[in-house]
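# Observations on chain architecture
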Amino acid sequence: SDPLSVLSFGEARVRNLIYVARGSDAAEAFVVISLMTDGSIEMRVLRGALADNDRARTQRLDEGLLKVVTDRRGRVLGAAVAGPQAGELIQPWCLAVQHGVKLSALAGFVPPYPTLGETSKRVAGDFYAPTVFGPRARGLVRLLARLPVW
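Residues numbered from 1 in each chain as written. Predicted model: local features only at pLDDT ≥ 70, side-chain atom pairs only at ≥ 80, totals over all residues. Heavy atoms only, no water.

## What about unusual backbone geometry?
Residue P114 is bonded to the preceding Y113 through a cis peptide linkage, with omega at -10°. Examined against the element boundaries, P114 turns out to sit in the loop between α4 (103–107) and α5 (118–126). A positive phi angle, near 55°, is found at R60, a position not held by glycine. With respect to the helices and strands, the residue R60 is situated in the loop between α1 (54–58) and β5 (65–71). Even without being a glycine, Q85 presents a positive backbone phi close to 60°. Along the chain, the position of Q85 falls in the loop between β6 (76–83) and α2 (86–89). By relative accessible area, Q85 is classed as partly exposed at 40%. (Helix = DSSP H or I, 4+ residues; strand = E, 2+ residues; numbered from the N terminus. Buried < 20%, exposed > 50% of the residue type's maximum accessible area, 1.4 Å probe, protein only.)

## What to know about the pattern of salt bridges
Across all of its chains, the model carries 4 salt bridges by this definition. The residue D52 makes a salt bridge to R122 at a minimum N-O spacing of 4.0 Å. You can see D52 sitting in the loop between β4 (41–49) and α1 and its partner R122 sitting in helix α5, a full 70 residues away along the chain. Relative accessible area serves as the criterion here: at 32%, R122 is assigned to the partly exposed category. (Salt bridge = Lys/Arg side-chain N within 4 Å of Asp/Glu carboxyl O.)

## Observations concerning the packing of aromatic side chains
The tally for this structure, following the rule as stated, stands at 1 aromatic pair. Above the ring of F127, the side-chain terminus of R44 is found at 4.5 Å from the ring centroid. (Phe/Tyr/Trp six-rings, centres within 6.5 Å; stacked < 30°, edge-to-face > 60°. Lys NZ or Arg CZ within 6 Å of the ring centre and 35° of its normal.)

## Some remarks on the nonpolar core
The biggest cluster of nonpolar side chains holds 22 residues, and the ones touching the most others in it are V68, V76, W93, L103 and L106. If sequence neighbours within four positions are ignored, V68 has contacts with R44, V45, L46, V76, G78, A79, W93 and V123. (Core = buried A, V, L, I, M, F, W, Y, C linked by side-chain atoms within 4.5 Å. Contact = heavy atoms within 4.5 Å.)

## Considerations on the confidence of the model for the protein
In low-pLDDT regions, the fine details of the predicted coordinates are not to be read closely. Per-residue confidence for the protein gives a mean pLDDT of 76; residues scoring 70 or more make up 73%. Low pLDDT (under 50) marks residues 1–18, which in the prediction has 52 contacts with non-local residues, meaning those over four places away or in another chain. (pLDDT = per-residue confidence, 0-100.)

Below, the structure is given as C-alpha cells:
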C-alpha cells in the first residue's frame, strides 16, 4: 500500500494524548498526539516499517512501525511507534509535536549510521517524495537533458 495517505477530519479535539503499552514479548508501543483544530483540517499520514532499516536487519528485527501525522504543510501533529526500542524512537517526534517542528527539519537531520533512528529521517523524507519525484521534477530533468553540453 501507499506509505502516504490523506485524511480529512471535520473536528479534531485531542490534546497531548500519550499512550504507553508494554507487552510480555518486550515489544513497546508509544503514541504521542497533539491535535487542536476547529473546522476541517487535511492531514497526511506517513508510515515506515522498522524492517526496512539497515540496523533492524542486522539485529533481525522484522516487526515494528513508525506512523506520523502531519498537516498539509509538513508540521508534525502526532506520531506513533510500535516495536522494539519504541521509547527511544519516539523522542524526536515528541519534540516535533511540542515545538511545532516541520518535517523538513527531521528530513534534513543526519543521524549516525546504522541506527534505528534513521527510520525517522526516512519517514520524514517520504513527505517530500511526491514533490521531488513528481511530474514537475521529471519535466525539469527532461528539459535539462536536452541542453547542449559544453
